[in-house]
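Here's the letter readout for the chains.
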Amino acid sequence: MLLGSDKYKSTEVEGEFARTSEIAAVVKTLTGRALRLDHEVEIPDVPAVLRTEPENRYHRRAIMVVVEGSHVGYLARDDADRYHAAISRVERAGYVPTTRARLWAVQRRGWDEVKKLHARVSLALNEPHLLHPINEPPSVSYSLLPWGNAVQVTGEENHLEAISPHVNPGSESIAIGTLHRVETTSARGIVKHTVEVRIDGRAVGSLTATTSPHFLPTIEHLERDGLVTATWVKVKGSAIAAQVTVQAARAPELPPEWFAGPTTIPSLS
């Protein structure tokens, strides 16, 4: 599933008018019954596959949209040009680019009394550079935390050399980082455990003494299984000033299914 597939479905698909029989079949498959006259059907959330179509004679960077195995339309020409490189990269790695879609359809009689299907499909799509992480998954055994609310990392100014390769000037980028338990001793001899954030094995900052306890139980849980805690990391700024945030579910927010086994993502290299 592409990053951002849970966002608002605001990218409109084109060409549904030429795929009405396919869309009618999809509606029947998903709802269990055929469309009825003047009865609007909305399917708010369904997986949609994006597939490049290099043999398309009208647009060699065309990207078709497939729902339930049926071709239901295309990305608009300008959108296809913008997304083609990112979608192609996923395909070249041997994976199927998938996001979430909204499907609306209704059958009405035209002025000639002939029944016609009207349909609209829209997709949840991040900007092209945010569809997949800027780096590769960890090379060690790990489990990836679910996406969660942003937690600010501190001390980035001390790690700009490690952060700068992941900066997308003028925008933001998403990387896969790891969380590590570190021990510090105060001047009074008090031992504290905090969390260090790393990208590709290099420190990029730390979580505060207030936010670290939200993740320490998870780190310790995975350590007992010989796993490193991986997390989504958002990077913004430039080579001389950057901001890093961890986007991960805290320990009390982890869903039961996450504990079933390590969560990993494929490498696109």
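Everything here concerns the structure above.
Described in the following lines is the structure provided in the data block.

This brings us to the overall build of the protein. In terms of regular secondary structure, the protein is built from 4 helices and 13 strands. In terms of overall dimensions, the protein has C-alpha extents of about 85 × 35 × 30 Å along its principal axes. Restricting the contact set of the protein to residue pairs at least 6 apart, pairs at least 24 apart contribute 70%. Charged side chains in the protein number 30 positive and 32 negative. The centres of these two groups are separated by 3 Å.

The next subject is the nonpolar core. Residues Leu50, Val65, Leu75, Leu103, Leu123 and Leu125 are the most contacted members of the largest nonpolar core, which totals 30 residues. Broken down by secondary-structure element, the contributors of at least two residues to this core are helix H1 (20-31), strand S2 (41-52), strand S3 (63-67), strand S4 (70-75), helix H2 (77-92), strand S5 (98-109) and strand S6 (115-123). Excluding residues that lie within four positions of it along the chain, Leu103 makes contacts with Ile23, Val26, Val27, Val41, Glu42, Ile43, Arg120 and Val121. Core analysis: the next-biggest nonpolar cluster, separate from the first, contains 28 residues, Leu145, Val167, Leu216 and Leu227 among them.

With that out of the way, let us pick up the packing of aromatic side chains. Taken as a whole, this structure holds 2 aromatic pairs when the rule is applied. Aromatic side chains Trp147 and Trp232 sit 6.3 Å apart centroid to centroid with 45° between the ring planes, which places their arrangement in the tilted category. Taken together, the residues Trp147 in the loop between strand S7 (142-144) and strand S8 (150-152) and Trp232 in strand S12 (residues 228-237) connect sequence positions 85 residues apart. On the accessibility criterion, Trp147 (38% relative accessible area) is partly exposed. With relative accessibility at 8%, the residue Trp232 sits in the buried group. Considering the side-chain rings of Trp258 and Phe259, the 5.1 Å spacing of their centres and the 85° angle between planes classify their relative orientation as edge-to-face.

Here we take up the pattern of salt bridges. Going through the model one piece at a time under the given rule, you end up with 15 salt bridges. Arg120 is paired through a salt bridge with Glu12; the nearest N and O atoms lie 2.8 Å apart. Taken together, the positions of Arg120 in strand S6 and Glu12 in strand S1 (residues 11-14) put the pair 108 residues apart, joining distant regions of the chain. Here Glu12 falls in the partly exposed class, since its relative accessible area comes to 30%. A salt bridge links Asp79 to Arg82; the shortest N-O distance between them is 3.7 Å.

As a further point, take the pairing of strand S9 (residues 172-185). By the bridge criterion, 8 bridges tie S9 to S12 in an arrangement that is antiparallel. For Thr178, the partnering residue across the bridge sits in S12 and is Ala230. The sheet contact formed by S9 and strand S10 (residues 191-199) spans 9 bridges and is antiparallel. Residue pairing across strands places Val182 opposite Thr194, the latter belonging to S10.

As a further point, take the environment of Leu130. By the secondary structure assignment, Leu130 is in the loop between S6 and S7. What makes Leu130 buried here is its relative accessible area of 7%. Each C-alpha atom of the pair Leu130 and Lys234 lies 10.0 Å from the other, and the pair is 104 residues apart in sequence. Those residues in contact with Leu130 that sit more than four places away from it in its chain are Leu3, Glu172, Ser173 and Ile174.

On to the sheet that holds S3. Strand order in the closed barrel formed by 6 strands is S1-S4-S3-S2-S5-S6, and the pairing between neighbours is antiparallel. Here the strands of the sheet are splayed against their neighbours by 45° on average, with no regard to which way each runs. Sheet strands touched by H1: S2, S3, S4, S5 and S6. Its angle to S2, the strand with the most contacts, is close to 120°.

All right, on to the side chain of His59 then. For His59, the location among the structural elements is in the loop between S2 and S3. Taking relative accessible area as the criterion, His59 reaches 10% and is therefore assigned buried. Within the structure, His59 has its side chain in polar contact with the side chain of Asp81 (distance 2.8 Å). In this view, His59 contacts Glu53, Arg77, Ala80 and Asp81; residues no more than four positions away in its chain are not counted.

About the cut-offs
What you see as residue numbers is a count from 1 along each chain, following the sequence as written. Local features in this predicted model are restricted to residues whose pLDDT is 70 or higher, and side-chain atom pairs enter the listing and the counts only when it is 80 or higher, whereas totals over whole chains, interfaces and linings include all residues. Derived side-chain values reflect all non-hydrogen atoms in the structure, with water molecules and hydrogen atoms excluded from consideration. Where helices and strands are cited, they refer to DSSP runs of H or I of at least four residues and of E of at least two residues respectively, numbered from the N terminus. We call two residues in contact when some of their heavy atoms are within 4.5 Å. Charge counting treats Lys and Arg as positive and Asp and Glu as negative, with His and both chain ends excluded. By convention, the charge on Lys lies at NZ, on Arg at CZ, on Asp at CG and on Glu at CD. We define a nonpolar core as any set of buried Ala, Val, Leu, Ile, Met, Phe, Trp, Tyr and Cys residues linked to one another through side-chain atoms lying within 4.5 Å. Burial here depends on accessible area, computed with a 1.4 Å probe over protein chains only, as a share of the maximum for the residue type. Under 20% is buried, over 50% is exposed, and the range in between is partly exposed. In summary, the pairing rule links any two rings of Phe, Tyr or Trp, Trp by its six-membered ring, whose centres are within 6.5 Å, and it sorts them by plane angle into stacked for under 30 degrees, edge-to-face for over 60 and tilted for everything else. The term salt bridge refers to a pairing of a side-chain nitrogen on Lys or Arg with a carboxyl oxygen on Asp or Glu at a separation within 4 Å. Strands qualify as paired when DSSP identifies two bridges or more between them. Interaxial angle, 0 to 180 degrees, is taken between N-to-C directions of lines fitted to C-alpha atoms, where a helix line uses only the stretch in contact. A 3.5 Å cut-off defines polar contacts: any pair of N or O atoms within that distance qualifies, except that in protein one atom must be a possible hydrogen donor and the other a possible acceptor, and neighbouring residues in sequence count only when both atoms are side-chain atoms.

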